[in-house]
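Structure at a glance
So the chains spell out like this:
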Amino acid sequence: MPVPSHARGYESFGGSVGRTAADSTPEWTAPPAAPEGAPNIVVVLVDDMGYSDIGPFGSEIETPTLDRLAASGVRLSNYHTTPLCSPSRAALLTGINSHRAGFGFVANADPGYPGLRLELADDVLTLPEILRANGYATYAVGKWHLVRDATMNPAAHRDSWPTQRGFDRYYGSLEGLNSFYYPNQLVSDSSVVDVEEYPEGYYLTDDLTDKALSYIKDLRAHDATKPFFLYFAHVAMHGPLQAKAADQAKYRGKYAEGWDELRRRRFAEQLAQGLFPPGTEQKPRNTEPGYEAAEWDSLSADEQRRYAKYMEVYAGMVDSIDQSLGRIVDLLDELGELDNTIIVFTSDNGGTAEGGPEGTRSYFAEFAHIDDPDWVGDVPHDEDLIGTAKLGVHYPRGWGQASNTPFRFYKGQTFAGGVRVPLVVSWPKGLPRGEGDGGIRHEYAYVTDLAPTLLDLAGLERPTVRNGLPATDFDGVSAAELLRDPAAPTAHTEQYSEMTGHRGYYRDGWKLLSLHERDADIDTPHWQLFDVRADPTELHDLSAEFPDKAAELAAAWDESAWANTVFPLLTRADLFRRRPAEARFAAPLRLLPGTPTLERYRSQRLIAYRDFAITAELAEQGYRSGAEGVLVAHGDPLGGYLLYIENGEVVLGVNSYGRYDSVGTPLPVGTREITVRATVRPRLRWDFVIEVDGTPLAELTDQVQLVGMAPWTGISVGVDARGPVSWELRERRGPFRYSGALRAVTYTPGPIQVPTATIDAVEREAEFVAE
């Protein structure tokens, strides 16, 4: 008999239903299935690595895995990306121009405009969402940086977290960077990993690689044929630069000749490989104020020795990335799946100038930029500590220019040094091997092309709807034909770029560029015009010779900027603006013992540029003799402070970006409250006072304020979790959990105090990755 009209729940059932199974027909639904023989896809994205840092693009650094993939695959010599981290990641994962995807800047601001939402919109499909709809397993490890820093905490909405944007599994850091020995916060799927102490020998790149391999092995243990997408977004090479001792040792002494000679050798190798046509000129050293790199021979012997050590660390990190990729390739080989796996290797932008002219011992201190001879950012330091867990260094920008050989400028600028990066694609089953032409393609391609290209190569369809909304169209175009045929022309013929006032427009071999000067009107560009077919290194400005072409491209930039929500153009002060709702982060906060380590940004808002008080409430009976341990800790080796009790004393320790000072005072039995008061002083300093039951007993004055994203690790109660604020204390006592009865720790922030002399430093905190 038919189903009665008043019955509910059968409307979409495709079988037949009677009163019993005997007179019914079952139906089963199935999840999406990938086409037969669909390839696996692995995208390896490196952070802040320039054009020349791997063997297939001219480097002396050992990259045997990439050499192997390039030899059997394709190299794109004319591939471009955006100038910064978050915008490139958004464009890569969506196929949409970065501003239109909401990421006109890094996810460390919140100015309140459409092109700078710094969260992925509901109508924007991501590559993993598309692939999952086509029957793929989807995994991500490493750096995400597509979540506003105010929403990295577990209480925030998670609409832009990886597992809400198409990934089945995720392990890594939501941040834009991290320590390689003591990550401040790791996330597994959608939960923070509650780590108290990292194991001996821990190194972040190895941890991420282990997790990626485990995801693949787990999939194959349960499904032998389902294709997968692995997005491996390295935290390296972003500062702070830290490399394992063995990887550093491989490059000991190899950079003593300096960055000028390194650039010469790398460019000669690039010409020999055919990456550029004969007659291409290399950019002489950058000499523009604020971007200049010193002549190596002008440096003292001490400077040369110290600067070379930075590059040894950097090379060791690149080597480590190749080792990581080698482990993935070996697993695919073992599974018999390497031939049918598309592997893409590239960088999010060019090498950086963030280390300044001399390099810095503290990556975070560098961005305070205080004109003070006692400032700790660039003072000489123990060279043996460069690259270790005890310092968070970055190289001098001369090495950044060498990284970007043979181009001008760095990460953050729209010139080629900031946006032209290596791209290697390998798919033995589906792409021709590099023979004759060496597998090199010289046609223009852009980061938004990667998503449509991968879908085209795999023969997959893109959904048209997301969350009931029409999905935003791709801005990128497929480069599949370009990969298959060395004679194929590019389908991507024009492209705008913009970052903090720096502008660019490419059309059919012409490129219009403007370098925004810090104090200049942001909407008055000084345009330069280049024929990049004949002048790929952008050395010869033709704007005076071809004014009509310059005017044509300037008008095209303006039109494209309106079409992609680039306007309004924002100064650095505009980018520093935050939404009013964040004011709640500066309200008094009471933390109970056992509270997981507080998230970094949320913790920093309690103390940044302000007076504050921290009160540790002991149990009703008060302090008892013999109780000891950490009451509260905030930070790690890269900067922080902690309050602990040991041997009958209460001690305040302050780590000023690696320089540690402390003060202690005897603690009377029965003490109920211990308070630390921090008072803002000129020159970005704090004075600290320890109060015991309301009585001031000790002070630590003239301490450097922790700004520029420090303290890096958030607040822990009753333990010094993750990275140690004090090396000496960690070596003696470990995380040093408090053994007495601690009721709570309360933070009471005062109002923000930013003297006129330090306003520039506050603005620079917002642009820390825009250098």
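See the structure shown above.
Description of the structure in this document. (Residues numbered from 1 in each chain as written. Predicted model: local features only at pLDDT ≥ 70, side-chain atom pairs only at ≥ 80, totals over all residues. Heavy atoms only, no water.)

Our next topic: the overall build of the chain. A count of helical and extended segments in the chain gives 17 helices and 29 strands. Its C-alpha radius of gyration of 27 Å places the chain within 12% of the 28 Å reference for a compact globule of 771 residues. Oriented by its inertia axes, the alpha-carbon framework of the chain measures out at about 90 × 80 × 50 Å. Within the chain, buried positions represent 63% of all 771 residues. Considering only contacts within the chain whose residues lie at least 6 apart along the sequence, 74% involve residues at least 24 apart. When the accessible surface of the chain is summed, it comes to about 27,700 Å², and 50% of that surface belongs to carbon and sulfur atoms. (Helix = DSSP H or I, 4+ residues; strand = E, 2+ residues; numbered from the N terminus. Rg over C-alpha atoms; globule rule 2.2 N^0.38 Å. Buried < 20%, exposed > 50% of the residue type's maximum accessible area, 1.4 Å probe, protein only. Contact = heavy atoms within 4.5 Å. Areas by Shrake-Rupley, 256 points an atom, 1.4 Å probe, with all protein chains shown as cover.)

The subject of this paragraph is the sheet that holds strand β1 (residues 40-46). Sheet architecture is open: 10 strands sit in the order β7-β6-β5-β4-β8-β1-β9-β10-β2-β11, paired in mixed fashion. A single partner strand is all that each edge strand has here, and the edge strands are β7 (191-192) and β11 (440-441). The pairing of strand β4 (residues 137-143) with strand β8 (residues 228-233) spans six bridges and is classified as parallel. What sits directly across from Thr138, in β8, is Phe229. Contacts from helix α1 (residues 64-72) reach β2 (74-76), β9 (341-347) and β10 (423-426) within the one sheet, and its direction differs from that of β10 by about 65°. Docked against the sheet, helix α2 (residues 85-94) engages β1, β4 and β8, running at close to 170° with respect to β8. (Pairing = 2+ DSSP bridges. Axes fitted to C-alpha atoms, helices over the stretch in contact; angles between N-to-C directions.)

Here Asp110 shows up in the loop between α2 and α3 (127-133). Accessibility expressed as a relative area gives 4% for Asp110, which makes it buried. A polar contact of 3.3 Å, which involves the side chain of Asp110, links it to the side chain of Arg148. Aside from chain neighbours lying at most four places away, what touches Asp110 is Leu118, Arg148, Leu575, Arg577, Arg578, Arg579 and Glu582. (Polar contact = N/O pair within 3.5 Å; in protein donor to acceptor, adjacent residues only side chain to side chain.)

Right, let's talk about the environment of Gly18 for a bit. Its place among the elements puts Gly18 in the segment before β1. With 528 residues separating them along the chain, Gly18 and Phe546 place their C-alpha atoms 80 Å apart. In this view, Gly18 contacts Asp23 and Ser24; residues no more than four positions away in its chain are not counted.

Where α1 meets helix α7 (residues 301-335), the closest approach of the two axes is 8 Å, and the angle between their N-to-C directions is 55°. By the criterion of interaxial angle, the relationship of α1 to α7 is oblique. From α1, Pro64, Thr65, Leu66, Arg68 and Leu69 reach across to α7, where they touch Asp322, Leu325, Gly326, Val329, Asp330 and Asp333. The residue makeup of the contact of α1 with α7, split by class, is five nonpolar, two polar and four charged. (Parallel < 35°, antiparallel > 145°, perpendicular 65-115°, else oblique. Nonpolar A, V, L, I, M, F, W, Y, C, P; charged D, E, K, R; others polar.)

What follows deals with the nonpolar core. Grouped together as the largest cluster of nonpolar side chains are 80 residues, with contacts concentrated most on Trp144, Phe229 and Tyr231. Broken down by element, this core gets its largest block of residues, six residues, from helix α11 (residues 450-458). Each residue touching Tyr231, except ones within four places of it in the same chain, is listed here: Val43, Leu45, Arg89, Leu92, Leu93, Tyr139, Ala140, Val141, Trp144 and Phe167. Counting residues in each nonpolar core, the second largest holds 76 residues, with Tyr215, Ala389, Trp399 and Val424 among its members. (Core = buried A, V, L, I, M, F, W, Y, C linked by side-chain atoms within 4.5 Å.)

All we've got here are geometric facts, nothing functional implied.
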